[in-house]
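# Observations on the three-dimensional arrangement
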Amino acid sequence: MDCTSIANANVKNKTVLVRVDFNEPLDDKGRLVSDYRIRAAIPTISYLRKKNCRILLLTHLGRPKNREKRFRTAKLAARLSELIKTRVFHTTDCIGAHTLLEVQKLGPKDILMLENVRFYPEEKANDKLFAKQLSQLAQAYVNEAFSNCHRKHASMVGVPQFLPGLAGLRLIEELDVLGSLLNRPKRPFVALLGGAKVYSKIDVLKALLKSADKVLIGGAMLFTFVKAQGGSVGKSPVEDDKIDLARRLLQSYPGKIILAPDVVAAKDKNSRAVIVSSSAIPSTHAGFDVGPQTVELFSKSVKSSKTLFWNGPLGWYEVSKFSKATNQISRVIAKSKTFSVIGGGDSATAVHRLRLAKNIDFMSTGGGAALTLVAGLELPAVTALRRSKKIK
Ligand code: ADP
Ligand code: 3PG
Ligand code: MG
């Protein structure tokens, strides 16, 4: 069963709780570094306004330990307001009597941004009572938070048990495009993986290896694989508890997993960098970017692919001297004729920074969620939406 889109449901005049994912990167002063995810939700917000809905926006921001000021959602409301040139109200809670009062003050087309849902630990714990409290604010639930659909949290999987659930316009598009990569990719289908979070990506990689023709590995996740092969990775980050799995994957898919052959290594970000083989990194050094030989090798694979999925920067791209490979490969992808899909907050940020997003066929809002879907694994929040009761 598919999710019902807001475009195919009677939402007119209803109060809708829209779970968005405005989890944008912040700088050290807590300012927004990007607004890509906010922009991606605008068509849904505009559609609901046209239908005279009262719109409650609910999101998480960061991984707060308590009600940290840095993670308040007021700045998200302000940015959205600038983008749509419409007032966006804001409240300092997301459940309870006070919030309900704020909701009751709204008129048709009004937008109210609720406070960070992760200020309540009940969100991550998928607490049923908390989900029920959230559901009491509205008559229908809209999931427009594709990038958080891999999380089994209360506002993602709990609320649609209490309210009729609908899919936002962007969610439908993400499921269509990324689903086509899973089900009918034009071959050769090449996946390029980098970034840092091996622990959350390696299981997905396991599934991805079944459908992709080639998986290219760079970024910090490279070193767990190199170590699994017996290479010396120096001080590079390694996830020791994933080495066995990495070894098994390398053995099961010989020739399919292509590890970056060379890296840019240094003692730290301020020391002189050297280019060395990725399996012979000096014990005093760590690999902070992949090297020129890798860029050449990976570029060839990109150019000869018909479908390309990229997640995770190839190096520590925030530091300019380690951003070379990520920038070069971004340019190669942007220029190539392959059907290119990029997922991941940091990968997307790297591409946006180079102003190349317009040359990419689909910039997913999701990182972990996009990987999960492309690998053919279940997105719990999408399942919850499918099971949700229909709107009247
Ligand atoms: P995405 O957000 O695209 O899914 P991740 O969050 O998994 O990607 O990883 C991005 C992070 O990985 C960036 O902060 C980047 O600097 C870091 N990174 C990639 N390669 C390296 C490396 N070799 N050493 C240190 N950090 C790295
Ligand atoms: C993301 O940025 O991938 C989503 O917003 C999920 O955030 P999380 O990794 O903190 O759960
Ligand atoms: Mg990231």
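Reading the values: rules and limits
Residues numbered from 1 in each chain as written. Chains lettered and ligands numbered in written order. Predicted model: local features only at pLDDT ≥ 70, side-chain atom pairs only at ≥ 80, totals over all residues. Heavy atoms only, no water. Helix = DSSP H or I, 4+ residues; strand = E, 2+ residues; numbered from the N terminus. Rg over C-alpha atoms; globule rule 2.2 N^0.38 Å. Buried < 20%, exposed > 50% of the residue type's maximum accessible area, 1.4 Å probe, protein only. Contact = heavy atoms within 4.5 Å. Areas by Shrake-Rupley, 256 points an atom, 1.4 Å probe, with all protein chains shown as cover. Lys, Arg positive; Asp, Glu negative; His and termini not counted. Charge placed at Lys NZ, Arg CZ, Asp CG, Glu CD. Near = heavy atom within 4 Å. Polar contact = N/O pair within 3.5 Å; in protein donor to acceptor, adjacent residues only side chain to side chain. Axes fitted to C-alpha atoms, helices over the stretch in contact; angles between N-to-C directions. Parallel < 35°, antiparallel > 145°, perpendicular 65-115°, else oblique. Nonpolar A, V, L, I, M, F, W, Y, C, P; charged D, E, K, R; others polar. Arc of directions from axis to C-beta. 1 Å grid on protein atoms, 1.4 Å probe; cavity = no way out; pocket = protein on both sides within 12 Å on 5 of 7 lines; lining within 4 Å. Points joined across faces, edges and corners; volume = space filled by probe spheres on them. Pairing = 2+ DSSP bridges. Disulfide = S-S within 2.5 Å.

## Topic: the overall build of the protein
Within the protein one finds 16 helices and 15 strands. Against the compact-globule benchmark of 21 Å for 392 residues, the protein has a radius of gyration of 22 Å, which places it among compact chains. Considering only C-alpha atoms, the protein reaches an extent of 65 × 45 × 35 Å along its principal axes. Evaluated residue by residue, the protein yields a buried proportion of 59% over its 392 residues. Across the protein, every contact between residues at least 6 apart in sequence was considered, and the portion connecting residues at least 24 apart equals 73%. Accessible surface, the protein as shown: approximately 17,100 Å² in total, 50% of it carbon and sulfur. Of the side-chain charges in the protein, 63 are positive and 33 negative, and the distance between the mean point of each set is 3 Å.

## Concerning the site of ligand 1
Around ligand 1 sit 20 residues in total, of which Ala196, Lys201, Glu318, Asp346 and Ser347 are the nearest. Within the backbone of Gly345, an N or O atom sits 3.3 Å from an oxygen atom of ligand 1. Burial of ligand 1 by the protein amounts to 87% of the accessible area it has alone, namely 580 Å². At three residues, the largest contribution of residues to the shell around ligand 1 is made by helix 14 (residues 345–353).

## A closer look at the packing of helix 9 (residues 198–211) against helix 11 (residues 243–252)
Relative orientation of the contacting elements helix 9 and helix 11 amounts to 10°, with a least axis distance of 11 Å. In terms of their interaxial angle, helix 9 and helix 11 are classed as roughly parallel. Mapping the contact onto sequence places Ile202, Asp203, Leu205, Lys206 and Leu209 in helix 9 and Leu245, Ala246 and Leu249 in helix 11. The residue makeup of the contact of helix 9 with helix 11, split by class, is six nonpolar, no polar and two charged.

## Comments concerning helix 11
One full turn of an α-helix is made of 3.6 residues, so residues set three or four places apart face in the same direction. Considered for burial, the residues of helix 11 that qualify are Ile243, Leu245, Ala246, Leu249 and Leu250. The arc enclosing the buried residues of helix 11, seen along the axis, measures out at 160°, which places them on a common side. Among the exposed residues of helix 11, those oriented more than 90 degrees off its buried face are Arg248, Gln251 and Ser252. In this structure, the buried side of helix 11 is in contact with helix 9, helix 10 (222–228) and strand 9 (257–259).

## Things to note about the side chain of Thr44
Structurally, Thr44 is set in helix 2 (residues 42–50). Residue classification places Thr44 among the buried positions, given a relative accessible area of 0%. One polar contact links Thr44 to Glu144, side chain to side chain, over a distance of 2.6 Å. With sequence-adjacent residues up to four places away left out, Thr44 is seen in contact with Ile6, Val142, Glu144, Gly168, Leu169 and Arg170.

## Remarks on the site of ligand 2
Taken together, Asp21, Asn23, Arg37, His60, Arg63, Arg118, Ser147, Asn148 and Arg151 make up all the residues around ligand 2. His60 is positioned with one of its side-chain polar atoms (N or O) 2.9 Å from an oxygen atom of ligand 2. Interatomic distance of 2.7 Å between a side-chain N/O atom of Arg63 and an oxygen atom of ligand 2. Grouping the constituent residues of the shell around ligand 2 by class yields no nonpolar, four polar and five charged.

## Digging into the layout of surface pockets
Its volume calculated, the second largest pocket comes out at about 340 Å³. Asp2, Leu175, Asp176, Leu373 and Arg386 are the residues nearest the centre of the second largest pocket, which is lined by 17 residues in total. If you list the elements that add at least two residues to the lining of the second largest pocket, you get helix 8 (169–183) and helix 16 (380–387). Classifying every residue of the lining of the second largest pocket by side-chain character gives eight nonpolar, four polar and five charged.

## Focus: the sheet that holds strand 12 (residues 286–290)
Strand order across the open sheet formed by three strands is 11-10-12, with antiparallel pairing between neighbours. Of all strands in the sheet, those bounded by a partner on one side alone are strand 11 (274–277) and strand 12. Ignoring which end each strand starts from, the neighbouring axes of this sheet average 50° apart. Here strand 10 (residues 262–266) runs beside strand 12; their pairing, made up of four bridges, is antiparallel. Looking at the pairing, Ala266 lines up with Ala286 of strand 12.

## Here's the deal with empty space enclosed by the protein
Applying the stated criterion across every chain, the model contains one cavity of 30 Å³ or more. Size it by volume and the largest cavity reaches roughly 70 Å³. Taken together, Asp21, Arg37, Ala40, Ala41, Glu144, Ala145, Phe146, Ser147, Arg170 and Thr365 make up the full set of residues lining the largest cavity. Per-class residue counts for the lining of the largest cavity are four nonpolar, two polar and four charged.

## Considerations on the state of the cysteines
In the structure shown here, the tally under the stated rule is zero disulfides. Cys149 provides the cysteine sulfur closest to Cys3, a residue in no disulfide bond, and the two sulfurs are 8.3 Å apart. Classification of Cys149 as buried rests on a relative accessible area of 0%.

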